[in-house]
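# Remarks on the overall topology
Listed below are the residues making up each chain.
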Amino acid sequence: MAETKNILSEEKEGILYLTVNRESKLNALNFDTLEEIRNIFNEVVDNKEIKGVIITGSGEKSFIAGADISEIAELNELNARKFAENGQEVFSLIENCHKPVIAVINGFALGGGCELAMACHMRVAVANAKFGQPEVNLGIIPGYGGTQRLTFLIGRGKANELMMTGDMIGAEEAKRLGLVNHILATKEEAIAQAEDILKKIMTKAPLAIGMIVDCVNSVYNREENGYQTEANSFARCVKSGDYKEGTSAFLEKRKPIFKGE
Ligand code: COA
């Protein structure tokens, strides 16, 4: 993995564990941290050892308390657009990654933190998690894809309420709204839950998993016909050795061994 200052990374048994490590700033995302995330995900694509990713925040109090407000306070109109586009680009890398990415949300997931969590394929919350898009308190709006992903995830009415009031919600409410998949009592248990999900996915055909990512994301792309993407992706799967292995294994009444080919 690339050298990083603000992200701890460790690969174990096919899972890459990423921890945003700016605990004294509640793991706020500054420009350098975003660039580190970009470089890591560019590497994850080609790294055959890595089959899935878990992202969390350092400590118990906060996942990520937003973009770094000391940098936001210095923006002007020209670089503000670039600031938002840059964050959107990095989060799209996460969203489009062909390997499953799970956010384990410990504590505050605010602003860019909630946006990063929403860019992941799934979210597992610790009971103390708190979600919100409090940008209106700073005179701005979410800029890293939050207006879009929050609306897709929880619907227009609730997304408007959260973004316009800047209110925070707890883990139970987030689960009720469909923002998180699971809630666990502690960070350790939440990581174990994310590991269980990834380990199960790792027994499936990797190409098919990547195709699911593309097809699900195509729902959100107004320029794409998702049904066409699905049919094309289905055909791509059928060209793979894993398709032959999966169907043969079923007929031969044995467990398939997928190679990602
Ligand atoms: N950017 C930069 N620094 C941040 C930050 C952010 N988004 N969120 C927290 N911090 C820093 C604080 O400035 C403080 O630093 P200091 O000790 O050097 O003064 C440190 O993290 C601890 O935060 P603090 O506010 O003292 O903790 P708290 O428990 O009283 O409050 C929050 C926690 C999350 C409610 C509060 O920090 C907060 O509202 N943060 C901003 C959230 C936000 O608006 N995010 C969206 C940004 S677009």
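Above this text you will find the structure in question.
Residues numbered from 1 in each chain as written. Predicted model: local features only at pLDDT ≥ 70, side-chain atom pairs only at ≥ 80, totals over all residues. Heavy atoms only, no water.

## With respect to the site of the ligand
Filter applied, for reference: Think of it this way: one heavy atom of a residue within 4 Å of a molecule or strand is enough to make that residue near it. For this analysis, a polar contact is any N or O atom pair within 3.5 Å, provided that within protein one partner can donate a hydrogen and the other can accept it, and provided that sequence-adjacent residues contribute only side-chain to side-chain pairs. Only the protein chains shown count as cover for residues, with accessible areas throughout obtained via the Shrake-Rupley method and a probe of 1.4 Å. Only DSSP runs of H or I reaching four residues or more are called helices, and only runs of E reaching two or more are called strands; each is numbered from the N terminus. We call Asp, Glu, Lys and Arg charged. Ala, Val, Leu, Ile, Met, Phe, Trp, Tyr, Cys and Pro are nonpolar, and the rest, Gly among them, are polar.
The ligand sits among 17 residues. The nearest are Lys25, Lys61, Ala65, Ala67 and Ile69. Between the ligand and the protein, one listed contact pairs an oxygen atom with a backbone N or O atom of Ser24 at 3.4 Å. Separating an oxygen atom of the ligand from a side-chain N or O atom of Lys61 is a distance of 2.6 Å. Protein coverage of the free-state accessible area of the ligand, which is 860 Å², stands at 59%. Going through the elements one at a time, helix H2 (69-72) and strand E6 (108-110) are the ones with two or more residues in the shell around the ligand. Split into classes, the residues belonging to the shell around the ligand amount to 10 nonpolar, three polar and four charged.

## Overview of the sheet that holds strand E1 (residues 7-12)
Convention followed: In this scheme, strands are said to pair when DSSP sees at least two bridges between them. Lines fitted to the C-alpha atoms define the axes, with helices restricted to the stretch that makes contact. Angles between their N-to-C directions range from 0 to 180 degrees. Contact definition: two residues touch when any of their heavy atoms are within 4.5 Å.
Here we have six strands laid out as an open sheet, ordered E1-E2-E3-E5-E7-E10, and mixed in their pairing. Looking at strand neighbours, the two that pair on one side only are E1 and strand E10 (182-184), the edges of this open sheet. Adjacent strand axes in the sheet meet at a mean angle of 20° when their direction is disregarded. In this structure, E1 lies alongside strand E2 (residues 15-20), joined through six bridges in antiparallel fashion. Within E2, the residue paired with Ile7 across the bridge is Val20. Against the sheet, helix H8 (residues 187-201) engages E2, strand E3 (52-57), strand E5 (101-105), strand E7 (122-126) and E10, with an angle of about 155° to E7.

## Re the sheet that holds strand E4 (residues 62-64)
Read from one edge to the other, the open sheet built from four strands follows the order E4-E6-E8-E9, with strand pairing classed as mixed. Bordering the open sheet on either side are E4 and strand E9 (168-170), each of which pairs with just one other strand. Here the strands of the sheet are splayed against their neighbours by 20° on average, with no regard to which way each runs. Of the strand pairs in this sheet, E6 and strand E8 (residues 130-132) are connected by three bridges, and their pairing is parallel.

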